Amino acid sequence: MEKRAITMGFSPLFRIVVPAFTEINVFSYVASRITALGAVMVATMVKAYLPNWRVEVIDENNYHGGPVGSDGLPDHEVLQRESPASVVGFSASLTSTIERVWKLTEFYRSNGILTIAGGWHVHYLPEESLRRDVEIVVHGEGEKVILRVLAALESEKELSLISGISYIKNNQIVYNPPERLFSEDLEKLPFPDFGVLRYARLEYFPIGRIRGCSKNCEFCSVRGRPFWSSARHLFETVEYLVQNFGARKFFIVDDRLEEDRQGTIRFFRLIAENFGNLLDFTVQVRLEVAKDTELISAMKAAGVRVVCIGYESCTDEELTAMRKGYLSKDMIEWSKILHGAGFSIHGMFIFGYPIQKILNNCAINTRERVRRLKKFITDCKLETIQILRPVPLPGTGLRSRLEKEGRLFSLEVVPWSKYDGSYVCFKPDDMTLEDLQEYPTRLMRWFYSPMSFLGLIGKLAQYPFYKIMGMQERWYRQWRSKIARYGGYRFTKQWYRHYLSQRYLEKIRKPS
Ligand code: B12
Ligand code: SF4
């Protein structure tokens, strides 16, 4: 496709779809209250710079009150009948949602609608989507590229002049690489306009300042030299969202706040000076941040309530194989420091990282792994946890390693939709298939036990005491984590029932 004519009325509609998680997942709840910042940013740009276009974002994970089909998912036939889109874009970062993207592109394309997709999954694997009804793949940041693509389509100009896209021409893939994955001038981007969302209810507003990451964890697909906007730009974004959308709770999506330490401290100080600690921030940081007293106190003063920490493992061998960049020695101590500063910790773990071949036949007995992890989680007194299996995501060192060793299940056996951390996707080398599939769930069920309900009742009963002592804030923090824990219990139970009904292990055992 070099040129593509599209049906455009007087004011064409550009719809962006954030595809549904088709599997129940530990993130399903939060996804129904937040949205994808990337999709909103791309839509915001179109709204700001192409005034003849109308734009909307349908987030299928945060979708309330819109038309739904018999599968319970948004009904795009009705959506299209109600407001016909000329071009439909897809947020295709998450591998686990790519089959849903293909299902929808098939529908739209068969109706003559042009389809575009952007995000990490299609960036690494453009061809499989281009061969399945995605007409244009956008690589890297989409804000500027989308303006060029829509303008070219409108005037029927050639796409070959646009960098950062790929498409098919004469049955061959044409790839025009982006100049770089992340731009230096994030400062010039408009504030995210969440008014572009249709049928969504936002509780957490995703915001961000830093893109890219200078670390190199083996399991992660985020690559690219990091760039950031100023602290003031993010502060003004918060002000804008408070004033225009009544926002109170924010999730800072930056992978590592510490990437620009000075800017992050400045941002939190600006927040504290102007809002005190009235707003509520959830952030992602690396555990070593505990050593940084200046950053910690700035975060505390600004109202950071929850820190999400990718612990990944408590075992040195696994941390080494993952290229995590630190060992287990100080991890419990650092967690204590973060608790001491008043943060709730959401601990993220990967169970059963494949280490045997990469670490010269080093093996740890599965029961020993389980014992160590339970002890570690108890010692760290984590408020909430997630324990997932290693996922060989496209573009990661982990995937290439397992691919070379011939250990990946084919996509016929384990389709992309299972790449969400809840399912084994490769043949383990130092434990059985059953252990890798079962133990993370058993650990989750151990943590989120039925006793969590009693914990909730107990906390409620303690309220008068905390009030008399003037410690309501502490009580509230603990109350929130009890609620989260009870929610975790209910989720784990529901997920396990769903998992058993699929007979997953039987299916993947067959071809091995
Ligand atoms: C916030 C976040 C979440 C939120 C998602 C909220 C939401 N609805 O989006 C939550 C916490 C729910 C989440 C969950 C998970 N996540 Co997550 N998450 C992120 C994170 C940290 C930030 C994403 C973000 O907002 N970035 C900022 C925006 C501005 O950038 P962007 O999204 O890349 O968008 C730009 C471009 O991609 C492009 N673009 C994007 N969409 C579109 C659409 C069009 C039409 C166009 C033209 C362009 C375009 O333009 C955008 C603007 O420049 C990323 C890491 C990262 N740095 O990307 C991981 C990341 C996306 N997550 C990842 C993963 C794997 C998961 C989980 C599976 C858990 C896990 N095992 O780690 C679960 C998903 C559960 C499931 N069912 O599968 C991976 C995805 C890799 C992959 N191939 O799947 C990432 C990349 C991190 C990693 N470790 O590699 N995640
Ligand atoms: S896991 Fe976090 S620190 Fe590691 S490479 Fe990915 S974004 Fe960077």
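The structure reproduced in this document is the subject of the present report.

Rules behind the numbers
Residues numbered from 1 in each chain as written. Chains lettered and ligands numbered in written order. Predicted model: local features only at pLDDT ≥ 70, side-chain atom pairs only at ≥ 80, totals over all residues. Heavy atoms only, no water. Disulfide = S-S within 2.5 Å. Buried < 20%, exposed > 50% of the residue type's maximum accessible area, 1.4 Å probe, protein only. Helix = DSSP H or I, 4+ residues; strand = E, 2+ residues; numbered from the N terminus. Pairing = 2+ DSSP bridges. Axes fitted to C-alpha atoms, helices over the stretch in contact; angles between N-to-C directions. Contact = heavy atoms within 4.5 Å. Near = heavy atom within 4 Å. Nonpolar A, V, L, I, M, F, W, Y, C, P; charged D, E, K, R; others polar. Polar contact = N/O pair within 3.5 Å; in protein donor to acceptor, adjacent residues only side chain to side chain. Phe/Tyr/Trp six-rings, centres within 6.5 Å; stacked < 30°, edge-to-face > 60°.

1. Re the state of the cysteines
And then number 1: Under the counting rule described, the total for this entry stands at zero disulfides.
And then number 2: Free cysteine: C308, not disulfide-bonded; nearest cysteine sulfur from C220 at 15 Å.

2. Quick word on the pairing of strand β6 (residues 165–169)
And then number 1: For β6, a buried count of four out of five residues is recorded, marking the element as mostly surrounded by other parts of the structure.
And then number 2: Note: strand β5 (residues 136–138) against β6, three bridges, orientation antiparallel. Within the sheet, the bridge partner assigned to V138 lies in β6 and is I165.
And then number 3: Judged from the five bridges that link them, β6 and strand β7 (residues 172–176) form a sheet pairing that is antiparallel. Note that in β7 the partner of K169 across the bridge is Q172.
And then number 4: Hairpin geometry of β6 and β7 is characterised by an intervening segment of two residues between the two adjacent antiparallel strands and by a positive phi of about 45° at N170.

3. Thoughts on the sheet that holds β5
And then number 1: One open sheet accounts for seven strands, arranged β2-β1-β3-β4-β5-β6-β7; its pairing is mixed. Sheet topology places β2 (54–59) and β7 at the edges, where each strand pairs with a single neighbour. Taking the axes of each pair of neighbouring strands and ignoring which way they run, one obtains an average angle of 20° across the sheet.
And then number 2: By the bridge criterion, five bridges tie strand β3 (residues 87–91) to strand β4 (residues 114–118) in an arrangement that is parallel. For V87, the partnering residue across the bridge sits in β4 and is L114.
And then number 3: Lying on the sheet, helix α7 (residues 143–154) is in contact with β1 (13–18), β3, β4, β5 and β6; it crosses β4 at an angle near 165°.

4. Observations regarding the site of ligand 2
And then number 1: Lining the immediate surroundings of ligand 2 are C213, K215, C217, F219, C220, D255, R256 and R286.
And then number 2: Grouping the amino acids of the shell around ligand 2 by side-chain chemistry returns four nonpolar, no polar and four charged.

5. Thoughts on the site of ligand 1
And then number 1: With respect to spatial proximity, 35 residues lie near ligand 1, and among them T95, S96, E143, S221 and D255 are the closest.
And then number 2: Between ligand 1 and S93 there is a distance of 3.3 Å, counted from a nitrogen atom to a backbone nitrogen or oxygen.
And then number 3: Contact distances for ligand 1 include 2.9 Å between an oxygen atom and a backbone N or O atom of G142.
And then number 4: Only α2 (37–49), β3 and α7 provide two or more residues apiece to the shell around ligand 1.

6. Things to note about the packing of aromatic side chains
Any aromatic ring pair is given by two values, namely how distant the centres are and how the planes are angled relative to each other.
And then number 1: For the coordinates displayed, the defined rule picks out 33 aromatic pairs.
And then number 2: Pairing Y311 with F349 gives two aromatic rings, centres 5.3 Å apart and planes at 10°, and the pair type is stacked. With a gap of 38 residues between them, Y311 in strand β13 (residues 304–312) and F349 in strand β14 (residues 344–350) connect regions that are remote in the sequence. Assigned by exposure class, Y311 and F349 land together as buried.

7. Examining the sheet that holds β13
And then number 1: With parallel pairing, six strands are arranged side by side in an open sheet as β8-β11-β12-β13-β14-β15. Looking at strand neighbours, the two that pair on one side only are β8 (204–207) and β15 (384–388), the edges of this open sheet. Between one strand and the next, the sheet's axes are offset by a mean angle of 20°, whatever the strand orientation.
And then number 2: The pairing of β8 with strand β11 (residues 249–252) spans four bridges and is parallel.

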